Amino acid sequence: MARAKQAAKAGDSSAETVESLGKDRLLGFYRDMLLIRRFEERAGQLYGMGLIGGFCHLYIGQEAIAVGVQSIQEKGDQVITAYRDHGHMLACGMDPKEVMAELTGRAGGSSKGKGGSMHMFSREAEFYGGHGIVGAPAPLGTGLALANRYRENGKVAFTYFGDGAANQGQVYESFNMAALWKLPVVYVIENNQYAMGTSLERSSSETHMYKRGASFRIPGEEVDGMDVLAVRDAAKRAAAHARNGDGPFILEMKTYRYRGHSMSDPAKYRTREEVDEVRKTRDPIEHLRERLEREGVADDAALKAIDAEVKRIVADAAEFARTSPEPDLSELYTEVYVEAPQ
Amino acid sequence: MTDILMPALSPTMEEGTLAKWHVKVGDTVASGDVIAEIETDKATMEVEAVDEGVIEELLVEAGAEGVKVNAPIARLSGGAAATKAESPQAPEAPEASGDPEKKGPAEAKAEQSEGEGPAAVRPAKAPTDPEIPAGAKLVKTTVRDALRDAMAEEMRRDETVFLMGEEVGQYQGAYKVSRGLLEEFGERRVIDTPITEHGFAGLGVGAAMAGLKPIVEFMTWNFAMQAIDHIINSAAKTHYMSGGQITTPVVFRGPNGAAARVAAQHSQDFAAWYAHVPGLKVVAPYDAADAKGLLKAAIRDPNPVVFLEHEMLYGQEFDVPEGEDYVLPIGVAKVRRTGADVTITAYSRMVGLALKAAEELAAEGIEAEVVDLRTIRPLDHDTVVESVRKTHRLVTVEEGWGPMGVGAEVIARVIEHAFDYLDAPPARVCQEDVPLPYAANLEAASLPSVEKIVKAAKAVCYRS
């Protein structure tokens, strides 16, 4: 049954303190979120220049979720998500150069240019995509959890999908099996309020996503997804539950995307004022920055140094993505099959 | 006087063993009383009396094997006018049909009309088989048990191999293919799933991404339509999309094609559907040796494999070489009968029909070469082309629909590689271009038959 709803106010609700976390970690969260923000802004720019093709779904506004959840993961825990995936890849430590070069479809990309924005993976970072089909990550992530259970390795599969995907049938098929078999999976529902152009209220009979596991006896919790420390706090509890053999847990991350669904979405279904209001009052990066300054964790100079570092990393990534060659034509027919010794 | 007849307990049952009588001569029975137990290759079932009366005579002894469906098994005197014991309705005894989707009165006659029995006999013109190891002992094995043996052997060999699907464990398999596996390997490796194809296909692919080797059983391939997104978008494409980083070594398997009298939604051949997709391998064996050798290969293969079985073949016996090393290469066709006049390609159950047709053709002086494709993707067109270069004529046989089908592809490859060798336009024998009808006569008219193959072969030989 759904656990008592956690406070979702945008305040400093985390149980962790500045002291307990320490300066370096807090600055690390700031840096990681800022890296995603600047990376995505640059990706948007490259898209406008025609260097990135097809669909490109930006994570701007949602940075606290990937960074907060990643911060409590253990080595070997897996991550899988859908097509708004750049942030997760950066959060789990993939090289920004490789991610950006995949966006531009170059040989230096993480999938050698054969996957693109929506289809990136990293065995090393335990990142299992990057999936273009809405809802598909739910059973795939549950399958990763099944493998963890099979091996009794104590790992947890963090399975992300959006409020739109939460209306797909396969999500509930997965919930049922995960709960039935007590699989170590944390479902992270990134509720950014809009399934492409359809608002939550227009698409969902139950708009509280954390309750969606109720009929499968999966506990859920609503979390301020704009507060990296609140995300971290909730993710810790959820992961402990899953790792402890108590089965799946649902985290509904209340968040907001500043940009359109994809680069080609003018976002006419919401007002400019609505977007500005969120940016002004709930921005995850500004929120943390203010707190760091207020509580004396970092001064302006330290934060500026991080800004400069991030700027350089993103500039290098963009440069690499521009100059890396297109994949050789000989790559067309490689990796369709695994060449196997029978 | 009323005869109690041997009931059919599944759509494909033709005979069974009368395991035990629960009544003796002189007993009075009422409707609903259990009078006997019958064993089929799938299950043991209780038979209930339909009519009231006194047992006058037991016509079949307990333990009698091979009792044909509809043969009288006992005689009843007195009571009402109804005529025979019928199999219980599926809800009381779900083992009846094997397939819970096929509930309803068990249908009597299986339409194994073209006599695959004879075809299972090694044809006179069979080439010697280099795949059978010299000196290997051959064991008569049903296709069903060959598939089970393949899974069991591979599960013993590789701890990462496991089986999941509906009714694979406690129920022992809807078609009894997984019989005994739960007992040997336990619940960790033989996983009963809810009825949730889309979900468990996705779980299987996810587990494969994490390095396990799942065998995902679909009760029939018809139900895999719910799961086709994960088979194609998640399993087939991920290795390519990840630049070679992630593999999905999963086997999707189950019965494919038309069973008997289960009508349109339960009867179709998906070979062409899946063979269209790069990244998948598609295997469709005919006999038990191929079923075993190719399933073992599929489980060992690091790629996703669609393994198409056939319900009508499950109970058929063939010689299988003994031993756990019998693994056949995927992507290699097999010439099952040599002949100089016309090439007939087929796969799965259609191979039996093609071999029977070849015997009939031989009686009329036409020697057909029968090529069992065995693997649909990658398609071994070299073997087909080599045969056509010799015979100059081609007939393709498939159980699926013709348009955009396997036969269409075989013909295209032959035209690409042996155009100048053809002495007649190739012909396709396939399911008629309609959803499969239920009525026995329409069903038979819709499916490929020995007669249709013979006719097509004669046509391409310009013989009437």
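Details of the structure are given in the entry above.
These figures come from a predicted structure and were not determined experimentally.

About the thresholds
Residues numbered from 1 in each chain as written. Chains lettered and ligands numbered in written order. Predicted model: local features only at pLDDT ≥ 70, side-chain atom pairs only at ≥ 80, totals over all residues. Core = buried A, V, L, I, M, F, W, Y, C linked by C-beta atoms within 7 Å. Buried ≥ 20, exposed ≤ 12 C-beta atoms within 10 Å, placed from the backbone. Helix = DSSP H or I, 4+ residues; strand = E, 2+ residues; numbered from the N terminus. Contact = placed C-beta atoms within 7 Å. Expected span 1.5 Å × (residues − 1). Pairing = 2+ DSSP bridges. Axes fitted to C-alpha atoms, helices over the stretch in contact; angles between N-to-C directions. Nonpolar A, V, L, I, M, F, W, Y, C, P; charged D, E, K, R; others polar. Parallel < 35°, antiparallel > 145°, perpendicular 65-115°, else oblique. Left-handed = near helix turned anticlockwise from the far one by under 90°.

*Asks:* I'm lost on the nonpolar core in this one. Help?
*Replies:* One recurring pattern in soluble globular proteins: nonpolar side chains tend to sit buried together. Counting 211 residues, the largest nonpolar core has Ile344, Ala354, Ile453 and Ala457 of chain B as the members making the most contacts within it. Ranked by residue count, the leading element in this core is helix H2 (residues 23–48) of chain A, at 10 residues. Not counting the four nearest positions on each side in its chain, Ala457 of chain B is found in contact with Val342, Ile344, Ala357, Leu361, Ile366, Ala368 and Val395 of chain B. Among the nonpolar cores identified, the runner-up in size contains 20 residues, and Ile4, Leu9, Leu18 and Ile35 of chain B belong to it.

*Asks:* I would appreciate a short explanation of helix H6 (residues 137–151) of chain A in the present structure.
*Replies:* Residues spaced three or four apart along an α-helix point in a common direction, a consequence of the helix completing one turn every 3.6 residues. Residue and element names in this part refer to chain A. Over its 15 residues, H6 runs 21 Å from end to end, which matches the ideal 21 Å to within 8%, given 1.5 Å per residue. Across the 15 residues of H6, 14 count as buried, placing the element largely inside the fold. Note on H6: the residue one or two positions beyond its end, Glu152, has a positive phi of about 50°.

*Asks:* Sorry, what's going on with the sheet that holds strand E10 (residues 161–165) of chain B here?
*Replies:* In any sheet, the strands associate via hydrogen bonds between backbone groups, in a parallel or an antiparallel arrangement. Residue and element names in this part refer to chain B. Read from one edge of the open sheet, seven strands run E11-E10-E12-E13-E15-E14-E20, paired in mixed fashion. Here the strands that pair on one side only, and so sit at the sheet edges, are strand E11 (190–192) and strand E20 (375–377). Strand-to-strand twist across the sheet, computed as the mean angle between neighbouring axes with direction ignored, equals 20°. With three bridges joining them, strand E14 (residues 281–283) and strand E15 (residues 305–309) adopt parallel strand pairing. The residue bridging Lys281 from the neighbouring strand is Val305, located in E15.

*Asks:* Got a minute to help me understand the interface of chain B and chain A in this structure?
*Replies:* The interface of chain B with chain A comprises 39 residues on the first partner and 33 residues on the second. Those elements giving two or more residues to the side of chain B that touches chain A turn out to be helix H4 (197–209), helix H5 (228–236), helix H6 (238–241) and helix H8 (288–300) of chain B. Among the elements that take part in the side of chain B that touches chain A, H4 of chain B stands out by supplying 10 residues, more than any other. Its residues placed into classes, the side of chain B that touches chain A shows 16 nonpolar, 19 polar and four charged.

*Asks:* So what exactly am I meant to see when it comes to the packing of helix H7 (residues 169–180) of chain A against H4 of chain B here?
*Replies:* Relative placement of two packed helices is described by the angle separating their axes and the distance separating the axes. Where H7 of chain A contacts H4 of chain B, the two axes come as close as 8 Å, and the packing angle between them is 70°. Judged by the inter-axis angle, H7 of chain A sits roughly perpendicular to H4 of chain B. Classified by chirality, the crossing of H4 of chain B by H7 of chain A is right-handed. Between H7 of chain A and H4 of chain B, the contacting residues are Gly169, Gln170, Glu173, Ser174 and Met177 of chain A on the first element and His198, Gly199, Phe200, Gly202 and Leu203 of chain B on the second. Per-class residue counts for the contact of H7 of chain A with H4 of chain B are three nonpolar, six polar and one charged.

*Asks:* Can you help me understand the sheet that holds strand E6 (residues 53–58) of chain B in this one?
*Replies:* Residues and elements named next belong to chain B. Across the sheet, four strands lie side by side as E1-E8-E6-E3; this open sheet has antiparallel pairing. Only two strands of the sheet have a single neighbouring strand rather than two, namely strand E1 (2–5) and strand E3 (28–29). Sheet topology note: the E3/E6 ladder contains two bridges and is antiparallel. The residue bridging Thr28 from the neighbouring strand is Val54, located in E6.

*Asks:* Looking at this structure, how should I read the environment of Gly54 of chain A?
*Replies:* All names here are of chain A. Its location among the elements puts Gly54 in the loop between H2 and helix H3 (63–70). Each C-alpha atom of the pair Gly54 and Gly116 lies 8.5 Å from the other, and the pair is 62 residues apart in sequence. In contact with Gly54, not counting residues within four places along its chain, are Gly116 and Ser117.

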